[in-house]
Amino acid sequence: LRDAWGGADAHWLNPGIAAEFALARMPDNRWQVWEGLQALGLDLVVQGADGRRKKMLLADMDSTMIEPDCIDGLGALVGAGAQFAAPTAPAMSGGLDFDAALIERVSLMRGLPEAVIGDVLKNRITYRAGGQTLVATMKAHGGHAALVSGGFTAFTAPVAAHLGFDENRANVLL
């Protein structure tokens, strides 16, 4: 593709995964090429160099920086995974008011010992590939990184610390 578009030498951002190269002009067939690459499971971004380097990363935690959703992980840990997960999908698709979903999920947590939060963090979540590198790259170039969640600071604080975020914002679980 680089050769077909007359691009400069490729610079590998992640060997075998992601590369970039400069172009003298915007290719006329970029959308057709993009569609063809999407069909192969590959992504393509063609953008101007001016303003490309961002100064702020605002990343959602659940299912973006980590798997699975932390509250769903709590449910799985206590054997009520389906019950905890039930409000998630409608809330994410706009079919359930966020506040109502949060209240419903918190009510399911009533009576759980606080120690289950540590258990979920240690045994139930996995970090998504590239998250730590993304945050480190942003910070290395003077950017600021914030982790946000509709969940709780009891989860976002340790996840943010592990990944190197500058700050985190979420609900405070009492």
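Here the structure is shown first, and the text comes after it.
None of these values were measured; they are calculated from a predicted model.

1. Considerations on the pattern of salt bridges
Piece 1. Inspection of the entire model under this criterion finds six salt bridges.
Piece 2. Arg2 is paired through a salt bridge with Asp3; the nearest N and O atoms lie 2.9 Å apart.
Piece 3. Arg2 gets classed as partly exposed once you look at its relative accessible area, which sits at 27%.
Piece 4. With a relative accessible area of 61%, Asp3 lands in the exposed category.
Piece 5. For Arg52, the salt bridge identified is with Glu20, shortest N-O distance 2.5 Å.

2. Side note on the nonpolar core
Piece 1. In this structure, Leu57, Met61, Met65, Leu147, Phe155, Val159 and Phe165 are the most contacted members of the largest nonpolar core, which totals 24 residues.
Piece 2. Considering every element that reaches this core, the biggest residue donor is helix H8 (residues 153-163), with four residues.
Piece 3. Leave out the neighbours within four places in its chain, and Phe155 touches Met61, Cys70, Leu74, Ile117, Val120 and Leu121.

3. As for helix H6 (residues 115-123)
Piece 1. Among the residues of H6, those classed as buried are Val116, Ile117 and Val120. Take H6 and look down its axis: the buried residues cluster within an arc of 110°, on one side only. For H6, the exposed residues lying more than 90 degrees away from the buried face are Ala115, Lys122 and Asn123.
Piece 2. In this fold, the buried residues of H6 make contact with helix H2 (70-77) and H8.

4. Topic: the packing of H6 against H8
Piece 1. Where H6 contacts H8, the axes come no closer than 10 Å and their chain directions differ by 40°. Viewed along their axes, H6 and H8 adopt a mutual orientation that is oblique. Here H6 and H8 pass one another in a crossing that is right-handed. Every residue of H8 that contacts H6 at Ile117, Val120 and Leu121 is listed here: Ala154, Phe155, Pro158 and Val159.
Piece 2. Partitioning the contact of H6 with H8 into residue classes produces seven nonpolar, no polar and no charged.

Each value, and the rule that gives it
- Starting afresh in each chain, residues are numbered from 1 along the sequence in its written order.
- The predicted nature of this model means local features are confined to residues of pLDDT at least 70 and side-chain atom pairs, given and counted, to a pLDDT of 80 or more, with totals for whole chains, interfaces and linings taken over all residues.
- With hydrogens and water set aside, each side-chain value is computed from the structure's full complement of heavy atoms.
- By convention in these notes, a salt bridge is any Lys or Arg side-chain nitrogen within 4 Å of a carboxyl oxygen on Asp or Glu.
- Only protein chains enter the area calculation, which uses a 1.4 Å probe; residues under 20% of their type maximum are buried, those over 50% are exposed, and those in between are partly exposed.
- Within this scheme, the nonpolar core is defined by two criteria: the residues are buried Ala, Val, Leu, Ile, Met, Phe, Trp, Tyr or Cys, and they are joined through side-chain atoms within 4.5 Å.
- The helix and strand labels rest on DSSP assignments: H or I over at least four residues marks a helix, E over at least two residues marks a strand, and numbering proceeds from the N terminus.
- The criterion used for residue contact is that any of the two residues' heavy atoms lie within 4.5 Å.
- What the arc describes is the spread of directions from the helix axis to the C-beta atoms.
- Axis definition: a line fitted to C-alpha atoms, over the contacting stretch in the case of helices. Angles run 0 to 180 degrees between N-to-C directions.
- Roughly parallel means an angle under 35 degrees; roughly antiparallel, over 145; roughly perpendicular, 65 to 115; everything else is oblique.
- Each helix crossing is assigned a hand: it is left-handed if the near helix lies turned anticlockwise from the far helix by less than a right angle, otherwise right-handed if that turn is clockwise.
- Residues are grouped as follows: Ala, Val, Leu, Ile, Met, Phe, Trp, Tyr, Cys and Pro are nonpolar; Asp, Glu, Lys and Arg are charged; every other residue, Gly included, is polar.

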